[in-house]
Structures are given as C-alpha cells and as structure tokens.
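# Working through the structure, step by step
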Amino acid sequence: MPARPKSAQPKSARPGTSSGEGTLTLFGFILIAQGFGSAITESGWDTSFGVSALLREAGAPAWTDLVVGALGCALLALAARRRFTRRAP
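Read on for a plain summary of the structure. (Residues numbered from 1 in each chain as written. Predicted model: local features only at pLDDT ≥ 70, side-chain atom pairs only at ≥ 80, totals over all residues. Heavy atoms only, no water.)

## Side note on the overall build of the protein
Helix and strand content of the protein: 3 helices and 0 strands. Reading the protein from its N end, one meets helices and strands in the order α-α-α. Per-residue burial over the protein gives 21% buried out of 89 residues. The long-range fraction of contacts in the protein, counting pairs at least 24 apart against all pairs at least 6 apart in sequence, stands at 57%. (Helix = DSSP H or I, 4+ residues; strand = E, 2+ residues; numbered from the N terminus. Buried < 20%, exposed > 50% of the residue type's maximum accessible area, 1.4 Å probe, protein only. Contact = heavy atoms within 4.5 Å.)

Structure follows, in structure tokens:
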C-alpha cells in the first residue's frame, strides 16, 4: 500500500495530535456557550436556549445553567492538560 502524502493524512494521524483532544475542546466550548449564554439571556430577556432550556423544561433549578457552563470549563481544562502535559518521545 503506497504511503499517502503528509498533507493528505487525517489530523489524528499526525504526530502530537489526537481526535479526543479536539472533541473535548469542542464540547467544552459548546457547553460554555450553552450554560453561561443561557444564564445571561435568562437574566436579561427572561428566555433560555439549548441544553439549559431543556433542563429548565424538565424542572431543573436556575443554577443548572451555571453548572453546564462550569462543566464546559472543566472539559476545556482537561483538554488543555492533555495537550500540554504530553511526554516527549
């Protein structure tokens, strides 16, 4: 099987990267926007959106918006820790 050119390799096949880090980062940013953004819109315009709106409709208290945002921060911190504490080969 002939080797693919370096530019055609998927991101996860490049040395020093993994798709897991990218996924954690993506979900972290999504949860930060959903949690903290919904808390801001709820306090300013009396409406919520996304994950937090679904939690509100299910009967969850208002502080769950902040928990969703904090979970996003935790995922970003975990992704950063994995990226910057990698051992050298």
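## Brief notes about the environment of Gly 69
Inspection of the secondary structure puts Gly 69 in helix 3 (residues 64–84). In the structure, Gly 69 is positioned 41 residues away from Gly 28 in sequence and 8.4 Å away in space, judged by C-alpha atoms. Look past the residues within four positions of Gly 69 in its chain and what remains in contact with it is Leu 31, Ile 32, Gly 35 and Phe 36.

## A word on the pattern of salt bridges
Enumeration according to the criterion identifies 2 salt bridges in this entry. Measuring nitrogen to oxygen at the nearest pair gives 3.0 Å for the salt bridge that ties Arg 56 to Glu 42. You can see Arg 56 sitting in helix 2 (residues 50–57) and its partner Glu 42 sitting in helix 1 (residues 19–45), a full 14 residues away along the chain. A single salt-bridge network, built from bridges that share partners, covers Glu 42, Arg 56 and Asp 65. (Salt bridge = Lys/Arg side-chain N within 4 Å of Asp/Glu carboxyl O.)

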